[in-house]
Amino acid sequence: MTIGIGELLAGSPDNWGRWGPDDEVGALNYLTRQEVLRGAAEIRTGETIVLQRLIGDPDGDPVSPSRTPARHTMTVDESSWDPGGTGPAFPGGLHYADDKIDAYLQGSTQYDALGHVWYDGRLWNGYDARTTVGGLRKAGIDPIARRGIAGRGVLLDLPPWRGKPSLDPGELFDHHDLEACAESQGTVIERHDILVLRSNYLSRTPRQGNDPGLEFSFALLDWFQDKEIPNLVTDTFANEPPVDRRSGCALPLHCSLMRNLGVVFAELCDLERLASACAADRRYEFFYVAAPLRVHRAAGSPVNPVAIR
Ligand code: UVW
């Protein structure tokens with residue numbers, strides 16, 4: 001029998017109030033200016049690698065079942081000046097292109113707002129879940145977008161450590177595995193590091209289904225809390241398996257890490273080029289920089305993070 005998520009997480013740690021009653025960026029508070037400099041100190045070659053997936057990918061956007069792929073429409077192009085077209089006659093004869101997308105804000109590489117998930121009527125920092133009605137008046141994406149994210153990133157490349165090209169559907173790992181993977185890479189996970197976990201799961205077909213990911217446990221929460229991890233970044237749909245096999249609860253890490261500890265999630269990143277670069281010189285640390293788009297009262301928004309090596 002599935003128990004309620006509130007019951008599962010009763011007595012688990014939270015950071016509500018830690019950064020004041022009005023906080024909306026949670027564990028990003030760990031990323032002080034000193035932490036930004038610590039991240040920047042990892043730059044050796046100046047190589048920049050972007051981590052966003054293509055929106056409107058001709059091969060198909062990897063959207064979860066509850067969402068649809070982005071639809072890109074040209075509103076103006078050269079055909080607008082065909083006979084009978086509606087292209088405006090600019091002085092001097094200029095033509096131009098305009099376009100729009102109709103897209104889920106969480107439909108591709110994205111940051112989740114801290115108010116993206118909740119239970120028992122409360123979201124991050126104890127805000128009332130009614131503040132989400134009609135748009136997130138608390139813990140929306142804009143406070144995160146206005147702050148930006150910069151710090152020391154660490155890639156944990158799980159498939160080669162497990163001896164396979166990609167993790168399997170539903171494959172689980174925990175913080176001991178993260179430490180062991182780091183050790184195999186010659187990497188040390190330091191306090192306040194931005195954790196970037198590669199599964200390469202989306203190279204598999206079909207591209208929807210039972211994500212591999214970190215398995216919920218209280219020991220895992222304690223590890224995140226001890227390490228004061230500000231940001232969890234992955235290349236999967238949800239940064240965790242959709243349902244916890246032990247409790248039957250959906251997305252327990254969204255509820256415990258994001259809602260309770262304020263750890264910020266970035267999902268559906270493309271980590272392939274970064275993984276190749278790190279493997280080539282066995283250097284898995286870099287300066288990580290990202291700023292999701294500013295969208296008023298949104299629950300998340302697209303982002304193109306940059307790893308600078
Ligand atoms: C949900 O769909 C609830 O979460 P996410 O978009 O973070 O996977």
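Report follows, based on the coordinates. Every chain is numbered on its own, with residues counted from 1 as its sequence reads. Reporting in this predicted model follows two pLDDT cut-offs: at least 70 for local features of residues, and 80 or more for side-chain atom pairs to be given and counted; totals over whole chains, interfaces and linings ignore these cut-offs and use all residues. For side-chain calculations, the full set of non-hydrogen atoms in the structure is used, while hydrogens and water are omitted.

## A few points about the nonpolar core
Within this scheme, the nonpolar core is defined by two criteria: the residues are buried Ala, Val, Leu, Ile, Met, Phe, Trp, Tyr or Cys, and they are joined through side-chain atoms within 4.5 Å. Think of it in three bands: with a 1.4 Å probe and only protein chains considered, a residue is buried below 20% of the maximum accessible area for its type, exposed above 50%, and partly exposed in between. Counting residues in each nonpolar core, the largest one holds 68 residues, and the members touching the most others are Tyr111, Leu178, Leu195, Phe224 and Tyr288. Ignoring any residue separated from it by four or fewer positions in sequence, one finds phenylalanine 224 in contact with Leu195, Leu214, Ile229, Leu232, Leu257, Leu261 and Val263. Contacts were defined at the residue level, with two residues in contact if any of their heavy atoms lie within 4.5 Å.

## Focus: the packing of helix α6 (residues 218-227) against helix α7 (residues 252-260)
In a pair of packed helices, the angle between the axes and the distance between the axes together describe the arrangement. Direction vectors running N to C along α6 and α7 enclose 30°, while the axes themselves pass 11 Å from each other. By the angle class used here, α6 and α7 are roughly parallel. Pair α6 / α7 crosses with right-handed handedness. Taking contact as the criterion, the partners of Leu220, Leu221 and Phe224 in α6 are, on α7, Leu253, Ser256 and Leu257. Side-chain classes follow a simple rule in which Ala, Val, Leu, Ile, Met, Phe, Trp, Tyr, Cys and Pro form the nonpolar group, Asp, Glu, Lys and Arg form the charged group, and the remainder, Gly included, forms the polar group. Residue classes in the contact of α6 with α7 are distributed as five nonpolar, one polar and no charged. Here the axes come from fitting lines to C-alpha atoms, over the contacting stretch only for helices, and the angles between their N-to-C directions go from 0 to 180 degrees. Each helix is a run of H or I in the DSSP string that is no shorter than four residues. Each strand is a run of E no shorter than two, and both are numbered from the N terminus. Orientation categories follow fixed angle ranges, with anything under 35 degrees roughly parallel, anything over 145 roughly antiparallel, 65 to 115 roughly perpendicular, and all other angles oblique. It is the rotation of the near helix from the far one that decides the hand of a crossing: anticlockwise by less than a right angle makes it left-handed, clockwise makes it right-handed.

## Description of the pairing of strand β5 (residues 149-157)
Judged by how many residues are buried, β5 sits mostly within the fold: nine of nine residues are covered. For two strands to pair, DSSP has to find at least two bridges joining them. Note that β5 and strand β11 (residues 285-290) share six bridges and pair antiparallel. If you follow isoleucine 149 over to β11, its bridge partner there is alanine 290. Both β5 and strand β7 (residues 194-198) contribute to a ladder of five bridges, which runs parallel. Bridging from a neighbouring strand, valine 154 pairs with leucine 195 of β7.

## Section: unusual backbone geometry
One non-glycine residue, asparagine 200, lies in positive phi territory at about 55°. On the secondary structure map, asparagine 200 appears in the loop between β7 and β8 (213-214). The phi torsion at arginine 297 lies on the positive side, around 60°, for a residue other than glycine.

## Let's talk about the packing of aromatic side chains
Under the pairing criterion, centres of Phe, Tyr and Trp rings, with the six-membered ring standing for Trp, must be within 6.5 Å; the plane angle then separates stacked pairs below 30 degrees from edge-to-face pairs above 60, leaving the rest tilted. By the definition in use, this model includes six aromatic pairs. Measuring from ring centre to ring centre gives 6.3 Å for tryptophan 19 and tryptophan 124, while their planes differ by 40°; the resulting arrangement is tilted. Pair noted here: tryptophan 19 is in the loop between α1 (5-8) and α2 (33-40) and tryptophan 124 is in the loop between β4 (110-112) and α3 (142-147), with a separation of 105 residues, a long-range link. Accessibility expressed as a relative area gives 0% for tryptophan 124, which makes it buried. Between tryptophan 223 and phenylalanine 224, the aromatic rings sit 5.5 Å apart at their centres with planes inclined by 75°, giving edge-to-face as the arrangement. Through a chain of ring-to-ring contacts, the aromatic side chains of Trp19, Tyr30 and Trp124 assemble into a single cluster. Note on criteria: charge over ring means Lys NZ or Arg CZ within 6 Å of the ring centre, with the direction from the centre no more than 35 degrees off the ring normal. One Lys or Arg, arginine 259, reaches over the ring of tyrosine 119 and ends 3.5 Å from the middle of that ring.

## Notes on the site of the ligand
Within the structure, the ligand sits among Arg67, Gln110, Asp112, His116, Phe237, Ala238, Leu251, His254 and Glu267. Here a polar contact is taken to be a pair of N or O atoms separated by no more than 3.5 Å, where protein atoms must pair a possible hydrogen donor with a possible acceptor and residues adjacent in sequence count only if both atoms sit in side chains. Taking phenylalanine 237, its main chain carries an N or O atom lying 3.4 Å from an oxygen atom of the ligand. Histidine 254 is positioned with one of its side-chain polar atoms (N or O) 2.7 Å from an oxygen atom of the ligand. Residue exposure ignores everything except the shown protein chains as possible cover, and the areas themselves are Shrake-Rupley values with a 1.4 Å probe. Summarising the interface, the protein chains cover 77% of the accessible area of the ligand, which totals 260 Å² for the free molecule. Taken together, the residues that form the shell around the ligand break down as three nonpolar, three polar and three charged. Definition of nearness: a residue and a molecule or strand are near each other if at least one heavy atom of the residue lies within 4 Å of the molecule or strand.

## Observations concerning the pattern of salt bridges
Should a side-chain nitrogen of Lys or Arg be within 4 Å of a carboxyl oxygen of Asp or Glu, the pair is scored as a salt bridge. In total, this model carries 25 salt bridges according to the counting rule given. Two residues, glutamate 42 and arginine 44, come together in a salt bridge whose shortest N-O distance is 3.7 Å. Judged by its relative accessible area of 13%, glutamate 42 is buried. Of the charged contacts, one joins aspartate 281 and arginine 309 as a salt bridge, the two residues approaching to 2.6 Å between their closest N and O atoms. Taken together, the residues span a long stretch of sequence, with aspartate 281 in helix α8 (residues 272-281) and arginine 309 in the segment after β13 (306-308) at a distance of 28 residues.

## A look at the sheet that holds strand β1 (residues 48-50)
Strand order in the open sheet made by the nine strands is β1-β13-β11-β5-β7-β9-β10-β4-β12, with mixed pairing throughout. The open sheet has two free edges, formed respectively by β1 and β12 (300-302), since each of these has just one partner strand. For this sheet, the mean inter-axis angle between neighbouring strands, taken without regard to orientation, is 25°. Sheet strands touched by helix α5 (residues 175-185): β5 and β7. Its angle to β5, the strand with the most contacts, is close to 85°. Seen against the sheet, α7 touches β4, β9 (231-234) and β10 (264-267) and runs at an angle of roughly 135° to β10.

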